[in-house]
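# An overview of the molecular structure
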Amino acid sequence: PKTNVIVATKTEAARLHHVIVHNCDCHTFDEVTFGLMRIVGTGLRDAELKAKEVDFFGRAIVATVDQEVAELYAARLHAEIISVTGTLLRTSVEPA
């Protein structure tokens, strides 16, 4: 007798991660705002709101994306948003 075997494969959806920007007194609102616009692609109004959120709460989720993209955004924000004093922007990535 002939037996048919059906193999089901499950593709796991990419797990989303949050990109988090942490507050410091060394970066200006403009530095954070324009960094979010340039690197994450956030619009002006949303970037300004996120910069205020970082200042008020001490941190803000600025993007929720696939892990690879989250790590790229966090690395670029950290490396490219440099204050006048040379301080790098503090970022982190957490599972959503």
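Structure: above.
I will try to describe carefully the structure that is included in this document. Quantities reported herein were computed from a predicted structural model and do not represent experimental measurements.

On to the nonpolar core. In this structure, V19, L36, V40, Y73 and L77 are the most contacted members of the largest nonpolar core, which totals 19 residues. When contributions to this core are tallied by element, the ones reaching two or more residues are strand 1 (16-22), helix 1 (29-40), helix 2 (44-57), strand 2 (59-66) and helix 3 (67-80). Ignoring sequence-local partners within four residues, the contact set of V19 consists of A60, I61, V62, A63, V65, A70, Y73, A74, L77 and S92.

Position of T33 relative to the elements: it lies in helix 1. Note on T33: relative accessible area 4%, which makes it buried. When residues no more than four places from it in sequence are discounted, the contact partners of T33 are L44, A47, E48 and A51.

Next up on the list: the sheet that holds strand 3 (residues 91-95). The 3 strands lie next to each other as 2-1-3, forming an open sheet whose pairing is antiparallel. One side of each edge strand has no neighbouring strand; the edge strands of this open sheet are strand 2 and strand 3. In this sheet, adjacent strand axes meet at a mean angle of 30 degrees when their direction is disregarded. Where strand 1 meets strand 3, 5 bridges bridge the pair, whose relative direction is antiparallel. Looking across to strand 3, one finds that H17 is bridged to P95. Running over the sheet, helix 2 touches strand 1 and strand 2 and is turned about 130 degrees from strand 2.

What counts as what
Residues numbered from 1 in each chain as written. Predicted model: local features only at pLDDT ≥ 70, side-chain atom pairs only at ≥ 80, totals over all residues. Heavy atoms only, no water. Core = buried A, V, L, I, M, F, W, Y, C linked by side-chain atoms within 4.5 Å. Buried < 20%, exposed > 50% of the residue type's maximum accessible area, 1.4 Å probe, protein only. Helix = DSSP H or I, 4+ residues; strand = E, 2+ residues; numbered from the N terminus. Contact = heavy atoms within 4.5 Å. Pairing = 2+ DSSP bridges. Axes fitted to C-alpha atoms, helices over the stretch in contact; angles between N-to-C directions.

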